[in-house]
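Understanding the architecture of this molecule
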Amino acid sequence: MERLYRLGLREAVERVREGGLACAELMRACLARYAQLEPHIEAWQWIDPARAMELAERADARRRAGEALGSLHGIPVGVKDIVDGFGGGGRGGDGPGRARHADQRLGRAPGRVLRGCR
């Protein structure tokens with residue numbers, strides 16, 4: 001079985017763009033790896049797997065419909081929220097509220113898939 005969570009960014013982007021890899025398939029692999037490791041490393045403050053899968057499936061539908069794809073179309077993205085990259089102070093610890101703000105900002109990037117805050 002291929003370990004999709006080990007793909008480099010360039011290869012993942014190329015495979016998604018060419019249709020050889022579904023965004024939902026990549027997200028499932030990343031979420032499974034998260035579930036396996038997170039109890040031991042506690043790297044994520046907040047994550048929304050259902051929303052992440054919804055966004056990945058939408059990204060797949062957009063690609064199949066022939067819509068223009070952004071540079072990171074359908075690629076799982078995590079946001080390190082202790083650094084202020086989205087305005088508002090970089091507090092770390094605001095969980096879903098902070099991620100919603102990041103999601104809105106990243107919403108300008110077609111096909112982005114935000115899965116949570118790290």
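Being a predicted model, the structure only gives us computed values, none of them experimental. All residue numbers refer to positions counted from 1 along the written sequence of the respective chain. It should be noted that, the model being predicted, local features are given only for residues of pLDDT at least 70 and side-chain atom pairs only at 80 or more, the latter also being counted only at that level, while totals for whole chains, interfaces and linings use all residues. Hydrogens and water molecules were not included; the side-chain quantities draw on all heavy atoms of the structure.

**Topic: the side chain of His73**
Secondary structure counts use DSSP, requiring at least four H or I residues in a row for a helix and at least two E residues in a row for a strand, with both numbered from the N terminus. Along the chain, His73 turns up in the loop between helix H3 (49-64) and strand S2 (76-79). Identification of polar contacts relies on pairs of N or O atoms within 3.5 Å, with a donor-acceptor requirement for protein atoms, meaning one able to donate a hydrogen and the other able to accept it, and with residues adjacent in sequence counted only if both atoms are side-chain atoms. In terms of polar contacts, His73 uses its side chain to reach the backbone carbonyl oxygen of Ala59, at 2.8 Å.

**Remarks on the packing of aromatic side chains**
Within a pair of aromatic rings, the relevant descriptors are the distance that separates the centres and the angle that separates the planes. Stacked, tilted and edge-to-face pairs are distinguished by plane angle, under 30 degrees for stacked and over 60 for edge-to-face with tilted covering the rest, among Phe, Tyr and Trp rings (Trp via its six-membered ring) whose centres lie within 6.5 Å. The final tally for this structure, using the stated rule, is one aromatic pair. Both rings, one in Tyr34 and one in Trp44, keep their centres 6.3 Å apart while their planes meet at 90°; by these two values the pair is edge-to-face. Linking Tyr34 in helix H2 (residues 23-41) with Trp44 in the loop between H2 and strand S1 (46-47), this pair joins segments that are 10 residues apart in sequence. Only protein chains enter the area calculation, which uses a 1.4 Å probe; residues under 20% of their type maximum are buried, those over 50% are exposed, and those in between are partly exposed. For Tyr34, a relative accessible area of 22% translates into the label partly exposed. Take Trp44: its relative accessible area is 14%, and that puts it in the buried class.

**Comments concerning helix H1 (residues 9-18)**
Among the residues making up H1, those that are buried are Ala12, Val13, Arg15 and Val16. With its buried residues spanning 170° around the axis, H1 presents them on a single face. Away from its buried face by more than 90 degrees, H1 exposes Arg10 and Glu18. Buried residues along H1 sit in contact with H2 and H3. A positive phi of about 90° marks Gly19, the residue just after H1. Throughout, the arc means that of the directions going from the helix axis to the C-beta atoms. Whether two residues touch is decided by their heavy atoms; if any such pair falls within 4.5 Å, the residues are in contact.

**Remarks on the environment of Asp60**
By the element assignment, Asp60 lies in helix H3. Taking the C-alpha atoms as reference points, Asp60 and Ala24, 36 residues apart in sequence, are found 7.1 Å from one another. With sequence-adjacent residues up to four places away left out, Asp60 is seen in contact with Ala22, Cys23 and Ala24. A polar contact is formed between the side chain of Asp60 and the backbone nitrogen of Ala24, at a distance of 3.0 Å.

**Points about H2**
Expected helix span is taken as 1.5 Å per residue step, with the number of steps being one fewer than the number of residues. Between its first and last C-alpha atoms H2 spans 25 Å; for 19 residues at 1.5 Å apiece the expected length is 27 Å, and the two agree. The largest bend in H2 is about 35°, located at Ala35, with the proline Pro39 one to four residues further on. Every buried residue belonging to H2 is among Cys23, Ala24, Leu26, Met27, Ala29, Cys30, Leu31 and Glu38, and all of these are buried. Following H2 by one or two positions, Glu42 has its phi on the positive side, about 50°. The angle between axes fitted to the seven-residue stretch ending at a residue and the seven-residue stretch beginning at it gives the bend at that residue.

**Re the pattern of salt bridges**
Salt bridge, as applied in this entry: a Lys or Arg side-chain nitrogen positioned within 4 Å of an Asp or Glu carboxyl oxygen. Summed over the entire model, instances satisfying the criterion amount to five salt bridges. Of the charged contacts, one joins Arg58 and Glu54 as a salt bridge, the two residues approaching to 2.3 Å between their closest N and O atoms. Of this pair, Arg58 and Glu54 both sit in helix H3, four residues apart, which is roughly one turn of the helix. Relative accessible area serves as the criterion here: at 44%, Arg58 is assigned to the partly exposed category. Residue Glu54 is classed as partly exposed on the basis of its relative accessible area, which comes to 32%. One salt-bridge network, held together by shared partners, links Glu2, Glu11 and Arg15.

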